Every structure is written in C-alpha cells, then in structure tokens.
Number of protein chains: 2
Amino acid sequence: MRFVAVVLLATSFCFAQEQGGFKPATSNVLDAQYPKVDSNSRVQIRFKAPDASKMRVNFWSGPKADMEKQPDGFWTFTTPPMAPGLHYYTIIVDGAEVSDPGSTAYFGGGKWASAVEVPEAGADYYQPEDVPHGQVRQIWYHSSVTGKWRDAFVYLPPDYDTSHARYPVLYLQHGAGEDETGWTRQGKANFILDNLIASGSTKPMIIVMANGYASRAGYVAPDLTGKPFGSPEFMQVMQERMGAFEDDMTQVLIPFVDKTFRTLSDRDHRAMAGLSMGGMQTFQVTFDHLDLFSYIGGFSGAANVFAMGNNKLDTKTAFHGAMADPAAFAKRVHLLWIGVGTDEPERMRTGLKNLHAALDEGKIQHVFYESPGTNHEWQTWRRDLKDFAPRLFQSAGKQPK
Amino acid sequence: MRFVAVVLLATSFCFAQEQGGFKPATSNVLDAQYPKVDSNSRVQIRFKAPDASKMRVNFWSGPKADMEKQPDGFWTFTTPPMAPGLHYYTIIVDGAEVSDPGSTAYFGGGKWASAVEVPEAGADYYQPEDVPHGQVRQIWYHSSVTGKWRDAFVYLPPDYDTSHARYPVLYLQHGAGEDETGWTRQGKANFILDNLIASGSTKPMIIVMANGYASRAGYVAPDLTGKPFGSPEFMQVMQERMGAFEDDMTQVLIPFVDKTFRTLSDRDHRAMAGLSMGGMQTFQVTFDHLDLFSYIGGFSGAANVFAMGNNKLDTKTAFHGAMADPAAFAKRVHLLWIGVGTDEPERMRTGLKNLHAALDEGKIQHVFYESPGTNHEWQTWRRDLKDFAPRLFQSAGKQPK
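Residues numbered from 1 in each chain as written. Chains lettered and ligands numbered in written order. Predicted model: local features only at pLDDT ≥ 70, side-chain atom pairs only at ≥ 80, totals over all residues. Heavy atoms only, no water.

Draft legend 1. Region of interest: the pattern of salt bridges. By the definition in use, this model includes 34 salt bridges over all chains. Notably, a salt bridge pairs A:D161 with B:R137, separated by 2.8 Å at the nearest N-O pair. On the criterion of chain membership, the pair formed by A:D161 in the loop between strand 13 (149–156) and strand 14 (169–173) and B:R137 in strand 12 (residues 135–142) is interchain, its members lying in two chains. Between B:D38 and B:R42 there is a salt bridge, with the nearest N and O atoms lying 2.9 Å from each other. (Salt bridge = Lys/Arg side-chain N within 4 Å of Asp/Glu carboxyl O. Helix = DSSP H or I, 4+ residues; strand = E, 2+ residues; numbered from the N terminus.)

Draft legend 2. Structural context of the pairing of strand 18 (residues 335–341) of chain B. Residues and elements named next belong to chain B. With 7 of 7 residues buried, strand 18 lies mostly within the body of the structure. Alternating residues of strand 18 divide into L335, W337, G339 and G341 and L336, I338 and V340, and every residue in both groups is buried. Inspection of the sheet shows strand 17 (residues 295–299) paired to strand 18 by 5 bridges, in the parallel sense. Its bridge partner being in strand 18, Y295 is matched across the sheet by L335. Taken together, the 5 bridges between strand 18 and strand 19 (residues 367–371) define a ladder with parallel strand orientation. Within the sheet, the bridge partner assigned to G341 lies in strand 19 and is S371. (Buried < 20%, exposed > 50% of the residue type's maximum accessible area, 1.4 Å probe, protein only. Pairing = 2+ DSSP bridges.)

Draft legend 3. Focus on helix 4 (residues 232–260) of chain B. Between its first and last C-alpha atoms helix 4 of chain B spans 39 Å; for 29 residues at 1.5 Å apiece the expected length is 42 Å, and the two agree. Of all bends in helix 4 of chain B, the biggest is about 40°, found at B:M249. (Expected span 1.5 Å × (residues − 1). Bend = angle between axes of the 7 residues up to and from the residue.)

Draft legend 4. Highlighting unusual backbone geometry. Residue and element names in this part refer to chain A. With omega at -5°, the peptide bond leading from Y34 into P35 counts as cis. Tracing the chain through its elements places P35 in the loop between strand 1 (23–24) and strand 2 (36–37). You will see that F319, though not glycine, has its phi angle at about 50°, which is positive. Residue position: F319 is located in helix 7 (residues 318–321). Accessibility expressed as a relative area gives 18% for F319, which makes it buried.

Draft legend 5. Quick look at the sheet that holds strand 6 (residues 68–69) of chain B. All names here are of chain B. What the 5 strands build is an open sheet, ordered 1-2-3-7-6; its pairing is antiparallel. Looking along the sheet, the strands with just one partner apiece sit at the ends: strand 1 (23–24) and strand 6. Pairing of strand 6 with strand 7 (residues 74–78), which is carried by 2 bridges, proceeds in the antiparallel orientation. Paired with K69 across the strands is W75, a residue of strand 7.

Draft legend 6. Inspection of the relation of the copies chain A and chain B at higher detail. Taken as rigid bodies, chain A and chain B are interconverted by a rotation of 180° and an axial shift of 0.1 Å, the fit giving an RMSD of 0.5 Å. As the rotation angle and translation indicate, the two copies are arranged about a two-fold axis. Across chain A, the rotation axis passes nearest the C-alpha of A:R137, at a separation of 2.0 Å. (Least-squares fit on C-alpha atoms with pLDDT ≥ 70 in both.)

Draft legend 7. Quick peek at the environment of B:G339. Residues and elements named next belong to chain B. One can find G339 in strand 18. C-alpha separation for the pair G339 and G218, spaced 121 residues apart in sequence, amounts to 37 Å. Not counting the four nearest positions on each side in its chain, G339 is found in contact with G298, F299, S300, L352 and Y369. (Contact = heavy atoms within 4.5 Å.)

Draft legend 8. The arrangement of the packing of aromatic side chains in detail. Inspection of the entire model under this criterion finds 43 aromatic pairs over all chains. On the basis of an interplanar angle of 10° and a centroid distance of 3.9 Å, the ring pair of B:F287 and B:F319 is categorised as stacked. One end of the pair, B:F287, is in helix 5 (residues 277–288); the other, B:F319, is in helix 7 (residues 318–321), with 32 residues separating them in the sequence. Side by side, B:F287 and B:F319 carry an identical accessibility label, which is buried. Summarising the aromatic geometry, the rings of B:F299 and B:W337 are spaced 5.1 Å apart at their centres and angled 70° between planes, so their arrangement reads as edge-to-face. Taken together, the residues span a long stretch of sequence, with B:F299 in strand 17 and B:W337 in strand 18 at a distance of 38 residues. On the basis of relative accessible area, B:F299 is assigned to the buried category, the value being 0%. Taken together, the ring pairs in this structure connect A:W183, A:F299, A:W337, A:Y369, A:W378, A:W381 and A:F388 into an aromatic cluster. Directly above the aromatic system of B:W112 lies the positively charged group of A:R185, at a separation of 5.0 Å from the ring centroid. (Phe/Tyr/Trp six-rings, centres within 6.5 Å; stacked < 30°, edge-to-face > 60°. Lys NZ or Arg CZ within 6 Å of the ring centre and 35° of its normal.)

Limitation: the analysis is restricted to geometry and does not speak to function.
Right under this line is the structure:
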C-alpha cells in the first residue's frame, strides 16, 4: 500500500512537469526526455547546441522549420498535430544534417536517422501484446552473386520450434535508403504477425527480410557526378543493382532459406511484397519468376510506377505478357495487391491509381488498398501488411491451378 | 525517395579519389566514403557543416581535437595511428554532440553513436569466415519484474537446428550506456563463436545477450540532472537498476530461456560474463546465485572495481564468504576469469590488478588476462571472449563437484 502510494505520487509528480500532456516518445532511447508527443499528436523536439547560430528541424514527410533558441542553450520546436506512425526526421545544425541523440536510430535515407513514434488511438495491432511471440533471426549466407557475406532477418512464427510443420514464406522488402532491419525495427512486422496469427486470421508463416541493395562481384559503378536521377547513366546503375538483387534473391537466398528452415518451397507457398523501391523490386522479381511466386504485394511502389508516370500499363503486353489472359493470370497468381496512403505525394498516388485503373480495365483481379490519412511512411506500410498478410496462403492448394 | 536514391548512388564512385591508401572503414554505411582508415591505422574523418564556426572530433578513447574547415564546406581531421578495434566517436558541431552519418550507428554512451573499425593485421577470428554460421535470434519475454516486454538476443550454434542436442548457456552482458545489441553488432560475438566452434576449440553453446538496464514495475527514477556519476543519487539509481536486472535475469529470463531453447539447465552448464558494468553485474548476479552459475567472467569490470579503488578484496569475507575455502571454491566455480587491456585507464587497470593480486593472495584459482595495447574498448572484449569461451564447459560433469 505504501509502495503503491509512492508510485502514484512519483507518477503524478512526473506528469506535473510535462507541459500540455507531452510525454517522451516510445521511440526514444532509454531515459531520453525528448522528443515528446502529446495527446493531440503534436511533437516537441529539443536539441542542445549552445553555440549554433541556426537550427532547423527536418521531418522528411512533415514540417521543415527553424527551431527557436532557448536561454539554456537548447533549441526547441513543436509541430502541428501529425499523422499517426513513425516519422523520420533530422536536425540541421549550422548546415550539418544530423540525427537527434534522444531518438532510437532507424536506418533510413542511407543513414541512421531519427524518428518519432506518434501513437494511433486504438491501434494495437503493431504493439507487443500478451500473445505468443515469434522470433526474429539474423542469418548469414555467402552470396555467389555478390561475392560477399550477406545477412537477412527471418521472422519465425511462435510455434515454429515446437511444431514439426512446414511453413509458407513471405519475402518482404524495405524501401530505398533503408535496409533489412526496417521491417522489424520501424515496421514492427513481427508484432503485426504475432497479433494476426494469434487472432486466427492469418496463417502462420515465415517472413524473410533481405537487404535490397546488391552489387555483383567485381562490379564498379561509373562516376555519376553531374548525372541526375533518371539520367541513362543513373538508371543503368540502378538497373544493375536491381538485377544483382534479383539474382541474389532467386539463386542464393531462396535456396538458402529453403535449406535452412522448414519451408513449403513450392510457388503456391511463396509470396513477395515490398514498400516503395521494395515494391518495384517485388514486381520485377516476381514477374520474372512466376515459377517461384504466386502472391505479389506492392506497398506504395509497384511496376516501376515512377518511370511509368502517366503512361498507362498495358496489361496485354506488360510483364512478358503474364496478364494477357486475365482468367489464366487469376489462376496462376493467387493475389495481386497494391496500396498507397491517401496523403502520399501526388506523383506516387497517381502512379498507383493509374496502375489500379489499368488493372481494372484489363480485368486483372487484384486488391487496391488506400491507407487513410497517411503519407509515404511506415504507418501506411504497417496497415498494408495488416491487410495483405491475412490474404496469403489461404487458398493455396485448394484453388485449381 | 528520389532524393535518397540520388544520395546513395552519387556517393559510390569516389574510390579513385582516395589519398594515401585511405579506404572507407568497414563500419561505414553503404556507399559512405568517410570515415577512412589507412594501412597505418590512421583514421580520416570528414563531415559536412558549411555554416559551422567550430567543429571537434571526440574519440571516446582517442583523440579529441579541432577539425579543419575545407573550402568545400567539409571539415576534416586525421588521427595518429590508432589501436586496432572499434572506436566510438562523436562530432561536436558548434557545441552540439552528434553522430557521423557516414558511420553505422552503434548503441553506446546511451545513444546511437558513431564508431570506426580499425582492422587488426592478421586477426580474422571476429570476421565472417567460410565456416558454418550460427543464427542470432531476437526474443521477447514479458517480465514480471519490470512489468514490461523485454527483448534479448540469443546466439544459437550452427548445428542447433539440425541436432537434437541440448547446449550449455553463456549469459553475456554489455557495458554501461550500451544495450543488448552490443555483443553482436560491436563485439561480433557470433562470428567469434562460429570460428571457435569450427576450429574445435570451443564447445557449441548458446549465448544470451540481455539488456542490462531494468526498472522494477512502477519505479520512477529521480531526476539526475546535475548529479554526476558516482554521486549518491546516481549510485542509488544504479543499485536499484542492478537489483531489478538481477531479479529479471534470475527469476524471468533464465527460466524463459530454459523453456524456449534446448539448454542444459544445471549450474554446471551455465556461465555468465560481461564487460565493464556487465562485469560488475556478472559478479553480483553469479555470487548471489552460485546455485545457478559455475563459470564467471569479468571483462574490464568485476566485483565493483570502481567502488573498490585501492581497497583490497578480502577473499575470506567477500561474496558472502563464497571464497573462504579456496579448495571448495575451485570445485564449485569451474572458472573465475578476469581481464583488462594494457592501455585502459589507470583506475580500471589498478582495480583489476588489485583484484588479481587479492585472488592470488587468497589462493583463489582464476585466470587473469591482459589484452596488449588495447583500451576500454571492444577489441579488448573480443579478445576476452576469444580467450574465455574455449575454457567453458570443458570440465563440466568430469571434475568432482
């Protein structure tokens, strides 16, 4: 009783110190008081730089603004209410773009960046709940394609070690500038699957999260100085890396996974999905290898929607003609799923919507999902996975092939 | 996303620009050209801060110096030759202490800090070699002590999934300001064990790496602003957390591990070691629970060497009298191992050497290891693990107990 009272007092003391209900973000490192989030989803940033002359905060899909210097050498900024989810940001100290030491570092934008978690009211599907938890394993394999050791993360469903069953496999890819850690650290894919499996709505499955960047052994990229995005030289390097990734995945990683884990290794039990760049990779890899995959997901990225622009996909000729016969395609590909957030940049939304329209027009059976109110960020992709995963492996072996 | 792709590609062609044999550190993020290391173990730091008026580099166990501004808005600094191993550092931009975006982020100093890997000539024992690789699993468990979900990393030996064997377990702890990711990301413990097991010199074992920070459910730490390390307020929080960690490990984590994995769960097959703060925790936990542990390792930290100062350990009374009878202790504790780097701070070396002398004087069988030329850094602890691990579980069940 005395213990309880002490706890209550100490807790309320803490609350009294917080202004306007601002609390340290759940994405902070141990004991870091900032960034803070309040119940209106506003974010407070605070950063020590006593000798700086100018400080800016740079939310990648949010406010980019000057911070205000306080007498104590700290600079502060409070955002307007933000969408739920994990928001990447950096701080610009006198022209130097850096991470906030109060934040857990998440690999994004090609570096270990900061991010702040804004809770979504009532959404616990990506939280660790009181359900059986799968494990996430880091594995290492030597790639004959890249000539190097590569690693990947593998989610094993909760009953993997106690059952003698074999499981279907979802290959799940991160976006540009991210890496194989993204889907668990930022995306909480493991908790999403734990919860979906516990509710009985999703088949237990293995998820493999690989690094989407690869270079063939001996490959040396040309000098791209002065060659902008989209230039032939730039696209050549990107294509080269995409090709190396495709070969590494299909020739090395998939066989390694099938050898290492108790998988169901036929195409009916193998899916691939990815976000943004990972969505484009998914469409390239799966349509080049429909002998290997029968479930396909593009989360805010698919079928090279960037390059497509306003050109409409021709379902009769695209992807080596795989969709030319809609009925045959529907039998062969058990799920074609694309999604985008309603607050994503216009170019991205247009790309996905045009793809959706083209698929409709070509009578290609597919799912089009829109995440309400979210941008090109992880809350969109968490929701995508929550909608996508329950649709996997439900029909495999039952439908006529 | 477009921006990100540009950055990632545009930085990848500068190999021709390397001066004096400087090459990007292996600890860099993909495509980052700096920091660089040359064959004389000098490190070049380069950091963009066009509007900064003062920049300093801050190696935690190395140079702390002003950087030099170049005409292109980058600041540079080249260190003298450094010891081999992973060196934590930060950059101070006009008073703001930040991480270098070119470096992989490692959790140290209570934040995601930078570090640069300086190779050790001829030392491949912590590299991924062409040998069978174990997996590193992240597991989640709900702690009745902390009232929260906690995670831990678990190394499983290469043959774990194919054998039906049970394995001994080493609990291996990080240092102050680090976390459960340290021993694999910084320490390369998994590769060290892969190589030791492949060479036949070390018994296959499970390694559990937990987070050394814990707070009892409901505990609210007082505000430590202005309370230095070692102050009564600081030490009170530390003791509170040490106790919570001890209870979490012995009452929750160990039973969870023994339930989850095929362990040999008697004290003859359970070891604990840790570095720095983790070494102190090891001595506290193991000597409080000799019913659970029979192998003990203190890597640059043991028996509260900080608090001990020049006070000599009294082996007759210390640790609840566990060492009072040296012969009985040698039968009960199969290995007592302590180590320190020869270049560690004097206070640390003195603490360990005094402990070594006191153990000798008390005729307590133990191993004292000195890592030549290394500081209070990860190369010391990699070497410690390489010396320590082969001594584990060799005699269990053979020696009289």
